[in-house]
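# Results of the structural survey
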Amino acid sequence: ESPTIFEISQQTNRKSLNLYADALWLKYGEDNGRTSVDSSVKRLNGFVEHATGEKALLYDGAGLSPMNKTTAAQVVKLLRYMANSTYAEDYINTLAVAGRNGTLANFCKSTPLDGSIMGKSGSMSGVRGYAGYVKIENANNLAFCIIVNNHVEPTKELVNKIERWLVELVKK
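In what follows, the accompanying structure is described. Numbering of residues starts from 1 in each chain and follows the order in which that chain's sequence is written. Reporting in this predicted model follows two pLDDT cut-offs: at least 70 for local features of residues, and 80 or more for side-chain atom pairs to be given and counted; totals over whole chains, interfaces and linings ignore these cut-offs and use all residues. Side-chain metrics in this entry use all non-hydrogen atoms of the structure; hydrogen atoms and water are not considered.

## Description of the overall build of the protein chain
- A helix here means a DSSP run of H or I that spans at least four residues, while a strand means a run of E at least two residues long, and both kinds are numbered starting from the N terminus. Within the protein chain, the regular secondary structure consists of 6 helices and 4 strands.
- Helices (α) and strands (β) of the protein chain occur, in sequence order from the N terminus, as α-α-α-α-α-β-β-β-β-α.
- C-alpha atoms define the radius of gyration in this analysis, and the globule rule sets the expected value at 2.2 Å times the number of residues to the power 0.38. Scaling as 2.2 N^0.38, a compact globule of 172 residues should have a C-alpha radius of gyration of about 16 Å, and the protein chain matches this with 16 Å.
- With respect to the three principal axes, the spread of C-alpha positions in the protein chain is 50 × 35 × 35 Å.

What follows is the structure, encoded as structure tokens:
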């Protein structure tokens, strides 16, 4: 028996499986049983524009295309949209948990946010990003997105700064 879309999405998001992400993106763009890059680009960009109210320029499912253009603010709007959708629980349950599993297994580990962030990381040469939700006691989850481009400091130092920033943000 094949895994469900939820199970595939969970593996994709938690482990950052870019091949799976592109396959899901192509499936999302399917039209009358046929997939194409053009239909996937059109459908994904249409969805993001609907969810955020802003034009989207996304050309793949993994986020690796140099033609992709987005902002942290647009990603936060998309996260808020998903948190209020009928798919919120399933979507959030596909994400890695900081300090516990997936690409976030070591992120915020042994900090006050250990186990309190559900999200996705992304990186390429000189680029680091984190997006997701922080559980806030007695409040709704806080959607966040941090994208750092062209960093020159060692990745470990940058990640430590991002972790400290998130801990301070939640304190406030």
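## Thoughts on the layout of surface pockets
- Residues are called lining when one of their atoms sits within 4 Å of a cavity or pocket point, these points coming from a 1 Å grid over the protein atoms alone, where a cavity is a set in which a 1.4 Å probe fits but cannot get out and a pocket is an open set with protein on both sides within 12 Å along at least five of seven lines. Grid points are joined across faces, edges and corners, and a volume is the space filled by probe spheres set on the points. Considering only enclosed or pocket space, the second largest pocket measures out at about 180 Å³ in volume.
- Forming the boundary of the second largest pocket are R80, A83, N84, I92, Y133, N140, N141, L142 and A143.
- Counting only elements with at least two residues in the lining of the second largest pocket, the list comes to α4 (72-83) and β4 (142-149).
- Residues are grouped as follows: Ala, Val, Leu, Ile, Met, Phe, Trp, Tyr, Cys and Pro are nonpolar; Asp, Glu, Lys and Arg are charged; every other residue, Gly included, is polar. Within the lining of the second largest pocket, the residues separate by chemical class into 5 nonpolar, 3 polar and 1 charged.

## Quick look at the pairing of strand β2 (residues 117-124)
- Strand pairing follows a simple DSSP-based rule, namely that at least 2 bridges must link the two strands. In terms of strand pairing, strand β1 (residues 96-97) meets β2 through 2 bridges, oriented antiparallel. Across the sheet, V97 pairs through a bridge with M118, a residue of β2.
- Adjacent in sequence and paired antiparallel, β2 and strand β3 (residues 127-134) are bridged by 2 residues, among which G126 carries a positive phi angle near 75 degrees.

## A few points about the sheet that holds β3
- Pairing is antiparallel in the open sheet, where 4 strands are placed in the order β1-β2-β3-β4. Looking at which strands have only one partner, the edges of the open sheet turn out to be β1 and β4.
- Note: β3 against β4, 8 bridges, orientation antiparallel. By the bridge assignment for β4, Y130 is matched with I146.

## Let's talk about α4
- Helix span is expected to be 1.5 Å times the residue number reduced by one. With 12 residues, α4 should reach 16 Å at 1.5 Å per residue; the first-to-last C-alpha distance of 16 Å fits that figure.
- Only heavy atoms enter the contact rule, under which two residues are in contact if any of them lie within 4.5 Å. Buried positions along α4 lie against α3 (37-52), α5 (88-92), β3 and β4.

## Regarding the pairing of β3
- Only protein chains enter the calculation, and the probe is 1.4 Å; a residue is then buried if its accessible area is under 20% of its type maximum, exposed if over 50%, and partly exposed in between. Of all 8 residues in β3, 7 are buried, a share of seventy percent or more.
- In terms of strand pairing, β2 meets β3 through 8 bridges, oriented antiparallel. Note on β3: the bridge partner recorded for M118 is Y133.

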